[in-house]
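Here is how the chains run, residue by residue.
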Amino acid sequence: MRSCVRSLLLAACLALAGFAAHAETIDIDNAELARLIQDGAPLIDVRLPSEWETTGVIAGSRLNTFFNERGESNPAAWLEKIKPYARPDQPVIVICRTGNRTRAVSRFLSEQAGYATVYNVTAGIKGWLKERRPVVPASPVIAACRSEASC
């Protein structure tokens, strides 16, 4: 009985170790972000709705706030919202204002939620705008994600 339990524990530990070895978070710049978007990787903008409205959003990005105005989050609920378009076995990109919040979100996705490849936009939307890259008005995108209850 004990050897069976030990074997099961060893197998579980090896499986987890193998899984963790495959998860990775990769910091990217705007050129790489543009390439990944073109390749179809989902881009999740984790900022607040007020931030989306102030700056606009990158076309095609999915709007899903991770931290509220007080810095609180509900990772499990957030994860359920992104699962329909961001699968753990496919690359996913996260962006915020300056890259600070997405550092934590990227770690959560790769280390706890089982996402194999997570791209973190290090300069955030501010860096994107500084390079005069295009954005679209947030209002129509916000209206669409609210109708889907995914913001």
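Up top is the structure these notes are about.
Computed from a predicted structure; not experimentally measured.

### Describing the packing of aromatic side chains
Each pair of aromatic rings is reported with the distance of its centres and the angle of its planes.
Step number 1: If you walk through the whole model with that rule in mind, you get three aromatic pairs.
Step number 2: When the centroid spacing of 4.8 Å and the interplanar angle of 75 degrees are considered together, the rings of phenylalanine 66 and phenylalanine 67 count as edge-to-face. The two residues phenylalanine 66 and phenylalanine 67 agree in class, both being buried.
Step number 3: Judged by centre distance (4.8 Å) and plane angle (80 degrees), the ring pair of phenylalanine 66 and tryptophan 78 falls under edge-to-face. Here the residue phenylalanine 66 occupies a position in the loop between strand S3 (62-63) and helix H4 (75-82), and tryptophan 78 occupies one in helix H4, the gap between them amounting to 12 residues. Grouping residues by exposure puts phenylalanine 66 and tryptophan 78 together as buried.
Step number 4: Its guanidinium or amino end placed over the ring of tyrosine 85, arginine 62 lies 4.0 Å from that ring's centre, counting from NZ or CZ.
Step number 5: Across the ring face of tryptophan 128, the terminal group of arginine 133 is positioned such that the distance to the ring centre comes to 5.2 Å.

### A short note on the pattern of salt bridges
Step number 1: Counted under the stated rule, the structure contains eight salt bridges.
Step number 2: In this structure, the salt-bridge partner of arginine 35 is glutamate 32, at a minimum N-O distance of 2.7 Å. Linking arginine 35 with glutamate 32, this pair stays in helix H2 (residues 30-38), spanning three residues, or about one helical turn.
Step number 3: Note on arginine 35: relative accessible area 37%, which makes it partly exposed.
Step number 4: A network of salt bridges, in which partner residues are shared, links Glu32, Arg35 and Asp39.

### Section: unusual backbone geometry
Step number 1: Non-glycine residue arginine 132 carries a positive phi angle of around 60 degrees.
Step number 2: Here arginine 132 shows up in the loop between helix H6 (124-130) and helix H7 (138-147).

### Section: H2
Step number 1: Within the sequence span of H2, burial applies to Asn30, Leu33 and Leu36. Seen along its axis, H2 keeps its buried residues to an arc of 120 degrees; they face one direction.
Step number 2: Just past H2, the residue glycine 40 takes up positive phi, approximately 95 degrees.

### Observations regarding the packing of H4 against helix H5 (residues 100-112)
Relative placement of two packed helices is described by the angle separating their axes and the distance separating the axes.
Step number 1: Interaxial distance between H4 and H5 falls to 12 Å at its minimum, and their mutual angle equals 75 degrees. Taken as axis vectors, H4 and H5 run roughly perpendicular relative to one another. Between H4 and H5, the residues in contact are Pro75, Trp78, Leu79 and Ile82 and Val105, Phe108 and Leu109, respectively.

Parameters at a glance
Numbering of residues begins from 1 in every chain and follows the order in which that chain's sequence is written. With pLDDT at 70 or above as the cut-off, local features in this predicted model cover only qualifying residues; side-chain atom pairs require 80 or more to be listed or tallied, and sums for whole chains, interfaces and linings still use all residues. Side-chain metrics in this entry use all non-hydrogen atoms of the structure; hydrogen atoms and water are not considered. Between rings of Phe, Tyr and Trp, where Trp is taken as its six-membered ring, a pair exists when centres lie within 6.5 Å; planes separated by under 30 degrees are stacked, by over 60 edge-to-face, and by other angles tilted. Note on exposure labels: buried denotes an accessible area under 20% of the residue type's maximum, exposed denotes more than 50%, and partly exposed covers the range between, all computed with a 1.4 Å probe on protein chains only. For the purposes of this entry, the term helix denotes a DSSP run of H or I that reaches at least four residues, the term strand denotes a run of E that reaches at least two, and both are numbered from the N terminus. Only Lys NZ and Arg CZ are tested; either one counts as a charge over a ring when it is within 6 Å of the ring centre and within 35 degrees of the ring normal. Salt bridges are identified by distance alone: a Lys or Arg side-chain nitrogen within 4 Å of an Asp or Glu carboxyl oxygen. The directions considered for the arc are those from the helix axis to the C-beta atoms. Here the axes come from fitting lines to C-alpha atoms, over the contacting stretch only for helices, and the angles between their N-to-C directions go from 0 to 180 degrees. The cut-offs work like this: below 35 degrees is roughly parallel, past 145 is roughly antiparallel, 65 to 115 is roughly perpendicular, and the gaps in between are oblique. Two residues form a contact once any of their heavy atoms are found within 4.5 Å.

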